[in-house]
Amino acid sequence: MSRDRFDEISRNLHLCDPFKEIRSTFLDYDPLFKIRKFADTLFSQFNRVYTAEQVLSVDDVMVKFTGRWNCTISNPGKPSARRGFHLTAAVGRTSRYMLNCSVYCGAYQERAFYMTEEIDT
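Calculation rules
Chains are numbered independently. Their residues run from 1 in the order of the written sequence. Selection of residues for local features in this predicted model requires a pLDDT of at least 70, selection of side-chain atom pairs for listing and counting requires 80 or more, and totals for whole chains, interfaces and linings are taken over all residues. Hydrogen atoms and water are omitted, and side-chain values are computed over all heavy atoms in the structure. Secondary structure counts use DSSP, requiring at least four H or I residues in a row for a helix and at least two E residues in a row for a strand, with both numbered from the N terminus. Here, expected helix span is obtained from the residue count minus one, scaled by 1.5 Å. The buried label goes to any residue with under 20% of its type's maximum accessible area, the exposed label to any with over 50%, and the partly exposed label to all in between, with areas taken from a 1.4 Å probe on protein chains only. The contact definition used throughout considers only heavy atoms, calling two residues in contact when any of these lie within 4.5 Å. Strands pair, by our definition, only if DSSP identifies at least two bridges between them. Salt bridge, as used here: a side-chain nitrogen of Lys or Arg that lies within 4 Å of a carboxyl oxygen of Asp or Glu.

## Thoughts on helix α2 (residues 33-49)
Taking 1.5 Å of rise per residue, the 17 residues of α2 would be expected to cover 24 Å, and the 25 Å separating its terminal C-alpha atoms lies within 8% of that figure. Along α2, the positions that sit buried rather than exposed are Ala39, Phe43, Ser44 and Asn47. Of the surrounding elements, those touching the buried residues of α2 are β4 (98-103).

See the structure below:
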């Protein structure tokens, strides 16, 4: 894909309404505002089409990311992803299918991304 084509797509593709975004100075600021609705829809579809196993595992996942965003963390001890997002994920123990996850956002942890739906087992 050419650079111009990528720029055109990124200018026109939005996962949320940018005019509804709350500024970071307000108390109910959500750092994951731009992807929350998409992620909610995605995980609700995951839970709809897949029946969870009886035994689940809670795993810590580090997703490599080198861009600029305030929810990234640095962990020099990790060999694969030294800088990126820290996720806590509920996965099936044998299938490793991710049923739910939360993103660590530091100071905004209480308002971080948590799914509201229950996982059917």
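## A closer look at the pairing of strand β3 (residues 83-92)
Burial analysis of β3 places seven of its 10 residues in the buried class, the great majority of the element. Bridging between strand β1 (residues 56-64) and β3 involves nine bridges; their strand directions are antiparallel. Residue pairing for β3: Asp60 is matched across the bridge by Thr88. Relative to β4, β3 is paired through five bridges, and the arrangement is antiparallel. Across the sheet, the residue bridging to Val91 is Met98, located in β4. In this antiparallel pair of consecutive strands, β3 and β4, the connection spans five residues, and Arg96 shows a positive phi of 60°.

## Quick word on the pattern of salt bridges
Enumeration over the complete set of coordinates arrives at three salt bridges. Between Asp4 and Arg3 there is a salt bridge, and its shortest N-O distance comes to 3.8 Å. For the pair shown, Asp4 and Arg3 are each scored as exposed. Here Arg96 makes a salt bridge to Asp59, at a shortest N to O gap of 3.1 Å. Taken together, the residues Arg96 in the loop between β3 and β4 and Asp59 in strand β1 connect sequence positions 37 residues apart.

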